[in-house]
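One-letter residues, chain by chain:
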Amino acid sequence: MSLEKLDIYRVRNIDYASILPSPGINFIYGNNGSGKSAFLDALFILGRARSFRSNSVKQVIQFNQPDLIVSAKLKHHNLSSASLGVQLGLKSKTIHLNQQEIYTRAELAYAFPVQIIQPKSYLLLDAGPQFRREFMDWGVFNMHRDFLTVWQNFKIALSQRNALLKKHDIKQINVWNQELVQYGTILAEYRQQYLSLLEPLVKNISDIFIKINTPEIKFVAGWDDSRSYLDCLQQDLEKDLKFGYTQSGPHRGDFVLYSEGRVSKDFVSRGQLKALVLTLMLAQVKLFKTDLSQEVCLLIDDISSEFDFDNRCKLLSFLSQLDNQVFITTNEFKEFGDINLSVQHKVFHVEHGKIKLM
Ligand SMILES: Nc1ncnc2c1ncn2[C@@H]1O[C@H](COP(=O)(O)OP(=O)(O)O)[C@@H](O)[C@H]1O
Ligand SMILES: [Mg+2]
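Heads up: these notes are all about the structure in this document. (Residues numbered from 1 in each chain as written. Chains lettered and ligands numbered in written order. Predicted model: local features only at pLDDT ≥ 70, side-chain atom pairs only at ≥ 80, totals over all residues.)

**Concerning the sheet that holds strand 11 (residues 262-263)**
Okay, step 1: The strand order across the open sheet built from 3 strands is 9-10-11, with neighbouring strands paired in antiparallel fashion. One side of each edge strand has no neighbouring strand; the edge strands of this open sheet are strand 9 (216-220) and strand 11.
Okay, step 2: Pairing geometry for strand 10 (residues 254-259) and strand 11, over 2 bridges, is antiparallel. Across the sheet, residue Tyr258 finds its bridge partner in strand 11, namely Val263. (Pairing = 2+ DSSP bridges. Helix = DSSP H or I, 4+ residues; strand = E, 2+ residues; numbered from the N terminus.)

**Examining the pairing of strand 13 (residues 326-330)**
Okay, step 1: By the criterion of burial, strand 13 is predominantly enclosed, with 5 of the 5 residues buried.
Okay, step 2: Burial of the side chains of strand 13 extends over both faces: Val326, Ile328 and Thr330 are buried on one face and Phe327 and Thr329 on the other.
Okay, step 3: For strand 3 (residues 25-29) and strand 13, the ladder comprises 5 bridges, and the chain directions are parallel. Bridge pairing in strand 13 places Phe27 opposite Ile328.
Okay, step 4: Judged from the 3 bridges that link them, strand 12 (residues 297-300) and strand 13 form a sheet pairing that is parallel. Residue pairing across strands places Leu298 opposite Val326, the latter belonging to strand 13. (Buried ≥ 20, exposed ≤ 12 C-beta atoms within 10 Å, placed from the backbone.)

**Brief notes about the nonpolar core**
Okay, step 1: Within the largest apolar cluster, 97 residues are counted, with the highest numbers of intra-cluster contacts made by Ala42, Leu43, Leu46, Val70, Val277 and Leu299.
Okay, step 2: No other element matches the 13 residues that helix 7 (residues 173-209) contributes to this core.
Okay, step 3: With sequence-adjacent residues up to four places away left out, Leu43 is seen in contact with Val114, Cys297, Leu299 and Phe327. (Core = buried A, V, L, I, M, F, W, Y, C linked by C-beta atoms within 7 Å. Contact = placed C-beta atoms within 7 Å.)

**Things to note about the sheet that holds strand 12**
Okay, step 1: Strand order in the open sheet formed by 6 strands is 8-12-13-3-14-15, and the pairing between neighbours is mixed. Edge positions in the open sheet fall to strand 8 (114-117) and strand 15 (354-357), since each of these has one partner strand only. On average, adjacent strands in this sheet sit at an angle of 20° to one another, irrespective of strand direction.
Okay, step 2: Pairing geometry for strand 14 (residues 345-351) and strand 15, over 4 bridges, is antiparallel. Residue pairing in the sheet places Glu351 in a bridge with Lys354 of strand 15.
Okay, step 3: The sheet contacts of helix 1 (residues 36-48) involve strand 3, strand 8, strand 12, strand 13, strand 14 and strand 15, and relative to strand 8 the element is tilted by about 150°. (Axes fitted to C-alpha atoms, helices over the stretch in contact; angles between N-to-C directions.)

**Re the site of ligand 1**
Okay, step 1: The full set close to ligand 1 counts 14 residues, and Asn13, Gly33, Lys36, Ser37 and Ala38 are the nearest of them.
Okay, step 2: Looking at the shell around ligand 1, the element that brings in the most residues is helix 1, giving 3 residues.
Okay, step 3: Considering only residue class, the shell around ligand 1 consists of 3 nonpolar, 9 polar and 2 charged. (Near = placed C-beta within 6 Å. Nonpolar A, V, L, I, M, F, W, Y, C, P; charged D, E, K, R; others polar.)

**A short note on the packing of helix 7 against helix 11 (residues 270-291)**
Okay, step 1: Following both chains from N to C, one finds helix 7 and helix 11 inclined at 130°, their axes separated by 8 Å at the closest point. Relative to helix 11, helix 7 is oriented oblique. For the element pair helix 7 and helix 11, the recorded crossing hand is right-handed. Note on element contacts: helix 11 touches helix 7 through Ala275, Leu276, Leu278, Thr279, Leu280, Leu282, Ala283, Gln284, Lys286, Leu287 and Asp291, opposite Leu197, Leu198, Leu201, Val202, Ile205, Ser206 and Phe209. (Parallel < 35°, antiparallel > 145°, perpendicular 65-115°, else oblique. Left-handed = near helix turned anticlockwise from the far one by under 90°.)

**Topic: helix 1**
Okay, step 1: Taking 1.5 Å per residue as the helical rise, helix 1 with its 13 residues ought to reach 18 Å, and the 18 Å between its terminal C-alpha atoms agrees with that figure.
Okay, step 2: Counting buried positions along helix 1 yields 12 of 13 residues, so the element is predominantly enclosed.
Okay, step 3: Buried within helix 1 we find Lys36, Ser37, Ala38, Phe39, Leu40, Asp41, Ala42, Leu43, Phe44, Ile45, Leu46 and Gly47.
Okay, step 4: Trailing helix 1 by a residue or two, Ala49 shows a phi angle of about 60°, which is positive. (Expected span 1.5 Å × (residues − 1).)

Here it is as structure tokens:
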């Protein structure tokens, strides 16, 4: 699947733009403040119905306008096409897939999977586990269509159990323990399975970008894995009562990247950390392509501030072989390196919110 045509209305300083992207690599360059990140944000909104840079839609809608619209024509590998449109107002959200209204972000995410690598992406390894859970779950969500239902059932059971803990009402806790175990075990299995598919790709790709010995991914289920989940819930009840909150479960899940037995993020440089995050993201995109026969639209914002020239060249050659739709931005055209490495590409210049094919 790739984007064949894209129309953007009223996203930040982009008043209106209509482009026909390449199914391969799209290079976007322009001065600071010209609208490059705004352009990628429009693409992100098309797949997620939210901005990657701002929690408030008000910041993204063009000043003094009631709403923004991003619409596109998608082409699938079997050559069938689909139309997709997202409209976000200050208090409204409307999504259309093939002229039919759809009501959940999940349906949109399946229709147009999109991932972004941007200056804050290093937080994936450098910040709390929430970022890594999101990363894993995005993969799992695309691999297992029942993931959201399982996750929602788990969350219901968790909040019921927490409510009982707060009231010190332990009579019914056992019922909720069973529910937590039922759904929590499935979630943990899905995540572990996903990471084990990802790990060999991470090893291969990290060899390209960062010479670090055989990174290993260690999955963290969210409970003491020397005991069963049920044992943890039953045996740690006193502690849970004290905190008024369930301490164990997939809501505490995580993963850790190790190299030679050490936690990678604790000894690599900032540049290497970014390269590791890049590796994880590329592994995810590649896994989609190889195991799910699906394409993720990959956005890379501000490539020159993220990677040195050497890694930019390697990235370009990797992406050219991946044969996947990508949008990459930078300030100066020369910072992309040798764009002819990629057979299929287009170059766009952005100035004052206007996007022009070069
Ligand atoms: N809601 C908005 N409406 C109109 N313009 C905006 C809005 N939000 C930001 N801008 C402007 O949009 C421009 C583009 O920003 P951005 O896409 O971050 O630039 P770049 O990534 O090219 O450096 C900036 O000049 C900014 O002032
Ligand atoms: Mg920018």
